[in-house]
Amino acid sequence: MTASTSWLSGAARKLQTGRDVTSLFVKTEAMIPMRDGVRLHTEIFIPKKSRVALPFIFIRTPYGITDDKGHNSYFDGLIRELVDEGYVFVFQDIRGRYKSEGQFVMFRPPRGGNEKIDEGTDTYDTIEWLLKNVAHNNGRVGIMGGSYGGWLAVMAMLDPHPALKAAAEQASPADQFLGDDFHHNGAFRLSYGFEYSSRMESSKIQFHFAFDISDAFEWYLRLGALSNVNEKYFHANIPTWNDFEEHPNYDEFWRRQAVAPYLVKPTVPNLNVAGWWDQEDFYGPIKIYETLEKNDTRHLNYLVSGPWNHGGWAHGTGRSLGKIDFDSDTATYYREKVQAPWFAYWLKDRGPLTQPEALAFQTGSNKWASYEEWPPLHNITNPKLYFHSGGRLSFDPPDAGDGEGFDSYISDPAHLVP
Ligand code: PG9
């Protein structure tokens with residue numbers, strides 16, 4: 001098994017519904033010109049039945065609009081509960097990916113100096129085009145997306161088009177050295193970095209490195225030194241891998257990619273979405289919320305966190321994770337009771353807005369709880385958890401002197417799990 005997962009990678013996600021809602025829409029494709037002449041491949045789904053002017057829900061992605069089988073899997077999960085409300089859905093391959101023109105740059109930093117374009121300007125130019133070219137729109141746009149798509153939503157908010165009226169940034173990375181995909185607390189994530197960079201930069205579409213043995217851990221052990229990657233496999237052709245090699249420390253390269261310095265204050269209403277067990281990007285949405293919150297004088301910045309792994313709210317019911325049952329369908333709840341009212345409020349004036357400052361799922365009691373601030377400072381206790389022998393955790397301290405106070409195991413890289 002290989003280690004990297006990524007946002008809604010179609011084949012890996014089971015279809016969640018038998019209802020093919022795409023037949024409810026007229027689909028058109030456009031190559032939308034950007035300010036530098038590069039054209040971006042865009043699919044636009046307009047509801048067949050609507051008689052009123054509708055807002056747009058806009059999703060940008062580096063992973064291809066459709067999955068490996070040519071199916072748009074967003075309709076099976078992330079936006080499923082938005083379909084009946086009535087929106088024009090717009091999907092776009094970002095610059096250099098799939099059917100879009102131009103050059104893909106991993107986490108292209110916001111432009112500075114003489115640069116003409118970035119992901120923010122591409123979003124801006126697309127919105128401008130949509131407003132002029134799609135009939136019966138109500139002049140409002142909501143942007144959403146997860147992970148890389150969440151980061152794209154953050155880029156859209158930096159210098160937003162005036163028609164951008166709402167966002168839901170979901171699991172956006174905020175700092176690839178300190179906390180998100182490529183490093184966790186500065187520790188390089190070897191298998192993730194190897195597989196993701198080759199997957200994104202070997203061709204315009206997703207590429208899957210062909211491991212010659214099925215045990216990936218064994219494969220990485222045999223690989224040996226990091227320098228063997230370029231010597232044996234990549235031959236300096238994967239720019240992001242070269243960056244890993246050239247920037248092993250938290251230097252200017254990583255600082256320029258981190259989003260916090262660009263987030264001066266909230267510009268549009270934004271729902272930050274995080275999963276407690278997100279193995280890739282938990283750091284990001286929390287950091288983005290915290291940074292924007294410092295200057296949120298207009299109350300535009302909100303947080304939701306649930307019992308999910310990476311993207312766990314965007315598909316399925318979220319009733320359980322592995323063997324842990326949460327007593328309710330937490331992902332459906334998010335999509336139906338949080339995300340749908342969020343966009344209906346900002347894009348369709350359907351209110352009032354019931355979203356609290358922070359909504360968090362408490363695991364254990366298995367309840368959603370609302371907070372007026374995050375992290376919560378009032379009415380909370382801060383209990384300690386203690387290790388016990390036999391691999392147990394408890395809120396009770398171990399009894400000193402009864403031999404229970406410690407446990408031990410041998411750390412052996414050749415046999416990872418004791
Ligand atoms: N976590 C993935 C990712 C985002 C940004 C950079 C690299 C990887 C993703 O699921 O999109």
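Engineer: Looking at this model, I keep getting lost on the overall build of the protein. Mind explaining?
Structural biologist: Looking only at helices and strands, the protein features nine helices and 16 strands. For 418 residues, the compact-globule formula gives about 22 Å, and the C-alpha radius of gyration of the protein, at 22 Å, lands near that figure. The principal-axis extent of the C-alpha atoms belonging to the protein is close to 75 × 55 × 45 Å. Per-residue burial for the protein yields a buried fraction of 50% across its 418 residues. Here the analysis covers contacts within the protein between residues at least 6 apart in sequence; of these, 67% occur between residues at least 24 apart. With the model as given, the accessible surface of the protein reaches about 20200 Å², and the carbon-plus-sulfur share is 53%. Considering the protein, the positive charge centre built from 41 side chains and the negative charge centre built from 54 side chains are found 8 Å apart.

Engineer: Hey, could you run me through helix α4 (residues 216–223) in this one?
Structural biologist: In an α-helix, one full turn covers 3.6 residues, which means residues spaced three or four apart are oriented alike. For α4, the set of buried residues is A216, W219, Y220 and L223. Considered in projection along α4, the buried side chains sweep an arc of 95° and stay on one side of the axis. Along its buried surface, α4 packs onto α3 (190–201) and α5 (227–234).

Engineer: Would you mind showing me how to read the site of the ligand here?
Structural biologist: Looking at the ligand, there are 15 residues lining it, with Y63, S147, D181, E280 and H310 nearest. Between the ligand and Y63 there is a distance of 2.3 Å, counted from an oxygen atom to a side-chain nitrogen or oxygen. A distance of 3.1 Å separates an oxygen atom of the ligand from a polar backbone atom of Y148. For the ligand, the accessible surface in isolation is 300 Å², of which the surrounding protein chains cover 100%. Each residue belonging to the shell around the ligand can be placed in one class, and the counts come to eight nonpolar, four polar and three charged.

Engineer: I would appreciate a short explanation of the environment of G186 in the present structure.
Structural biologist: Looking at the secondary structure, you find G186 in the loop between β7 (183–184) and β8 (187–188). Spatially, the C-alpha atom of G186 lies 7.5 Å from that of N249, the residues being 63 residues apart in sequence. In this structure G186 touches F177 and L178, once residues within four positions along its chain are discounted.

Engineer: In this structure, what is going on with a nonpolar patch on the surface? I would like to understand it.
Structural biologist: Residues L385, F387, L393 and F395 make up a contiguous nonpolar surface patch of about 500 Å² in total accessible area. Within the secondary structure layout, F387 lies in strand β15 (residues 386–388).

Engineer: What should I look at first to understand the domain arrangement of the protein in this one?
Structural biologist: One widely used convention gives an interface's size as the accessible area the parts lose upon coming together. Domain parsing of the protein yields domain 1 (11–175 + 264–371) and domain 2 (183–254). Put simply, the middle of domain 1 and the middle of domain 2, counted by C-alpha atoms, are 28 Å apart. Each partner contributes to the interface: domain 1 provides 13 residues, whereas domain 2 provides 13 residues. Here domain 1 meets domain 2 over a buried area of about 1200 Å², counting both sides, of which 46% is carbon and sulfur. For the domain 1 face of the interface with domain 2, the top three residues by lost area are R97, Y98 and M106, together amounting to 44%. Applying the counting rule to domain 1 against domain 2 returns zero salt bridges. Where domain 1 packs against domain 2, one counts 10 residue pairs in polar contact (both at pLDDT 80 or more). Of the residues contributing to the side of domain 1 that touches domain 2, the split by class is six nonpolar, three polar and four charged.

Engineer: How should the environment of L40 be read in this particular structure?
Structural biologist: Residue position: L40 is located in strand β2 (residues 39–47). Note: C-alpha distance between L40 and F217 (177 residues apart in sequence) is 38 Å.

Engineer: What am I meant to see in the sheet that holds strand β6 (residues 164–170) here?
Structural biologist: Within a sheet, each strand pairs with its neighbour through backbone hydrogen bonds, oriented either parallel or antiparallel. Read across the open sheet, the 10 strands follow the order β1-β2-β4-β3-β5-β6-β9-β10-β13-β14; overall the sheet is mixed. With one partner strand each, in any of the chains shown, β1 (25–33) and β14 (367–371) form the two edges of the open sheet. Ignoring which end each strand starts from, the neighbouring axes of this sheet average 20° apart. As paired strands, strand β3 (residues 54–61) and strand β4 (residues 88–93) are joined by six bridges and run parallel to one another. Bridging across to β4, R60 finds its partner in Q92. Relative to the sheet, helix α9 (residues 330–348) contacts β3, β5 (137–146), β6, β9 (270–275), β10 (301–306), β13 (358–362) and β14, its axis offset from that of β6 by approximately 160°.

Engineer: Please clarify how the layout of surface pockets should be interpreted in this entry.
Structural biologist: Picture a little ball the size of a water molecule; that probe, rolled over the atoms, points out where space is still empty. Considered as a void within the structure, the second largest pocket measures approximately 450 Å³ in volume. Lining the second largest pocket are 15 residues, and of these A360, Q362, Y371, W374 and P376 sit closest to its centre. Top element by residues in the lining of the second largest pocket is β13. It accounts for three residues. For the lining of the second largest pocket, a count of residues per class yields eight nonpolar, five polar and two charged.

Engineer: Sorry, what's going on with the nonpolar core here?
Structural biologist: Counting 51 residues, the largest nonpolar core has M106, Y148, F182, F194 and Y196 as its most contacted members. Ranked by residues supplied to this core, first place goes to helix α2 (residues 148–158) with eight residues. Each of two domains, domain 1 (11–175 + 264–371) and domain 2 (183–254), supplies a minimum of three residues to this core. Setting aside residues no more than four positions away along its own chain, F194 makes contact with F209, F211, W219, Y220, V229, F234 and W241. Counting 36 residues, the second-largest nonpolar core is a separate cluster that includes Y74, L78, A168 and L359.

Engineer: Any chance you could explain the environment of F75 here in plain terms?
Structural biologist: Mapped onto the elements of the fold, F75 is located in the loop between β3 and β4. Owing to a relative accessible area of 3%, F75 belongs among the buried residues under this scheme. Considered as a pair, F75 and D20 are 55 residues apart in the sequence and their alpha carbons are 8.1 Å apart. If near-sequence neighbours (up to four positions away) are discounted, F75 is found in contact with V21, T22, F25, F45, R80, V83, F89 and F91.

Cut-offs used in this document
Each chain carries its own residue numbering, running from 1 in the written order of its sequence. Owing to the predicted nature of the model, reporting of local features is limited to residues with pLDDT of at least 70; listing and counting of side-chain atom pairs is limited to 80 or more, with chain, interface and lining totals taken over all residues. With hydrogens and water excluded, all non-hydrogen atoms of the structure serve as input to the side-chain values. Comment: elements are numbered from the N terminus, with helices defined as DSSP H or I runs of at least four residues and strands as E runs of at least two. Computation of the radius of gyration draws on C-alpha atoms, with the globule rule given as 2.2 Å multiplied by the number of residues to the power 0.38. In this scheme, a residue with accessible area under 20% of its type's maximum is buried, one over 50% is exposed, and one in between is partly exposed, where area comes from a 1.4 Å probe on protein chains only. Should any heavy atoms of two residues lie within 4.5 Å, those residues are counted as being in contact. Computed with the Shrake-Rupley method and a 1.4 Å probe, the accessible areas treat only the protein chains shown as cover for residues. In this count, Lys and Arg are taken as positive residues and Asp and Glu as negative ones, while His and the chain termini are left out. Each charge is placed at NZ for Lys, CZ for Arg, CG for Asp and CD for Glu. This arc describes the spread of directions from the helix axis toward the C-beta atoms. By convention in this text, a residue qualifies as near a molecule or strand provided that one of its non-hydrogen atoms is within 4 Å of it. What qualifies as a polar contact is a pair of N or O atoms within 3.5 Å, subject to a donor-acceptor requirement within protein and to the restriction that residues adjacent in sequence count only when both atoms come from side chains. Residue polarity is assigned by list, with Asp, Glu, Lys and Arg as charged and Ala, Val, Leu, Ile, Met, Phe, Trp, Tyr, Cys and Pro as nonpolar; anything else, Gly included, falls into the polar class. Each patch is built from residues that are more than 30% exposed by relative accessible area and take part in no salt bridge. Like charges join if they lie within 9 Å; nonpolar side chains (Val, Leu, Ile, Met, Phe, Trp, Tyr) join within 5 Å. Only one rule defines a salt bridge in this text: a Lys or Arg side-chain nitrogen within 4 Å of an Asp or Glu carboxyl oxygen. Boundary definitions for the domains trace back to an automatic or database domain assignment. Two parts placed together each lose some accessible area under a 1.4 Å probe, and adding up what both lose gives the buried area. A pair of strands is labelled paired if DSSP reports no fewer than 2 bridges between them. In this analysis, axes come from line fits to C-alpha atoms, helices being fitted only over the stretch in contact, and the angle between any two N-to-C directions falls in the range 0 to 180 degrees. Using a 1 Å grid laid over the protein atoms alone, points where a 1.4 Å probe fits but cannot get out form a cavity; open sets with protein on both sides within 12 Å along at least 5 of 7 lines form a pocket; any residue with an atom within 4 Å of a point counts as lining. Grid points are joined across faces, edges and corners, and a volume is the space filled by probe spheres set on the points. Here, nonpolar core refers to any group of buried Ala, Val, Leu, Ile, Met, Phe, Trp, Tyr and Cys residues whose side-chain atoms link them within 4.5 Å.

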